[in-house]
Amino acid sequence: MECKVQEADLSAVADVRRELRRMLSRWAAPSHGDISDIASLLISELVTNALVHTTGGAVVTATVTDRLRVEVRDCATTRPEPRAPTGDGTSGRGLFLVRTLADAWGVRTHGLGKSVWFELGGPA
């Protein structure tokens, strides 16, 4: 799966989540349990972060082998850092959730930005 998301288009988060669920419905076996719910939450967090904290939109890719790998690529070179949620509850949870729920995650820099990625569903 590959989706391009336009800059500041937060309505696209639901579209990306829907595409991921469609792809996972063809892949996920009963042994993968609630991977679709967790993946939907995590992809929503990463796409929202890219749209809120960067400019230029994002490209989202998801691939499956024996596990799911999702990458959200944007044009910003600043590496995201997990931080404590704010008191008003409106920010700070995204990377905390990714770090807590993903089997593996990270940030990979590119010449024109970075990819934030996570993996679910198998040995890391």
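A brief report on the enclosed structure follows. These numbers come from a predicted model, not from an experiment.

Bringing the environment of Asp9 into the picture now. Along the chain, Asp9 falls in the loop between strand 1 (2–5) and helix 1 (12–27). Looking at Asp9, the relative accessible area reads 28%, which means it is partly exposed. In this structure the C-alpha to C-alpha distance between Asp9 and Val47, which are 38 residues apart in sequence, comes to 10.0 Å. Engagement of the side chain of Asp9 in a polar contact is seen with the side chain of Ser11, the distance being 2.5 Å.

All right, on to the pattern of salt bridges then. Under the criterion given, the structure shown has nine salt bridges. Arg22 is the salt-bridge partner of Glu19, the closest N and O atoms lying 2.3 Å from each other. Here the residue Glu19 and the residue Arg22 both occupy positions in helix 1, the gap between them amounting to three residues, near one helical turn. With a closest N to O distance of 3.1 Å, Arg69 and Glu71 form a salt bridge. Several salt bridges converge on common partners, so that one network encompasses Arg67, Arg69, Glu71, Arg108 and Glu119.

Glancing now at the packing of aromatic side chains. By the definition in use, this model includes zero aromatic pairs. Residue placement shows Arg69 over the ring face of Trp117; its charged tip is 4.2 Å from the ring centre.

To continue, consider the pairing of strand 5 (residues 113–120). With eight of eight residues buried, strand 5 is to be regarded as a mostly interior element. Residue alternation in strand 5 divides its side chains into two sets, Gly113, Ser115, Trp117 and Glu119 and Lys114, Val116, Phe118 and Leu120, and both sets are buried. Pairing between strand 3 (residues 68–74) and strand 5: seven bridges, direction antiparallel. Considered in strand 5, the bridge of Arg69 is made with Glu119. In the sheet, strand 4 (residues 104–110) pairs with strand 5 via seven bridges, with the strands oriented antiparallel. By the bridge assignment for strand 5, His110 is matched with Gly113. Linkage of strand 4 to strand 5, two consecutive antiparallel strands, is achieved through a turn of two residues.

Cut-offs applied
- Residues numbered from 1 in each chain as written.
- Predicted model: local features only at pLDDT ≥ 70, side-chain atom pairs only at ≥ 80, totals over all residues.
- Heavy atoms only, no water.
- Helix = DSSP H or I, 4+ residues; strand = E, 2+ residues; numbered from the N terminus.
- Buried < 20%, exposed > 50% of the residue type's maximum accessible area, 1.4 Å probe, protein only.
- Polar contact = N/O pair within 3.5 Å; in protein donor to acceptor, adjacent residues only side chain to side chain.
- Salt bridge = Lys/Arg side-chain N within 4 Å of Asp/Glu carboxyl O.
- Phe/Tyr/Trp six-rings, centres within 6.5 Å; stacked < 30°, edge-to-face > 60°.
- Lys NZ or Arg CZ within 6 Å of the ring centre and 35° of its normal.
- Pairing = 2+ DSSP bridges.

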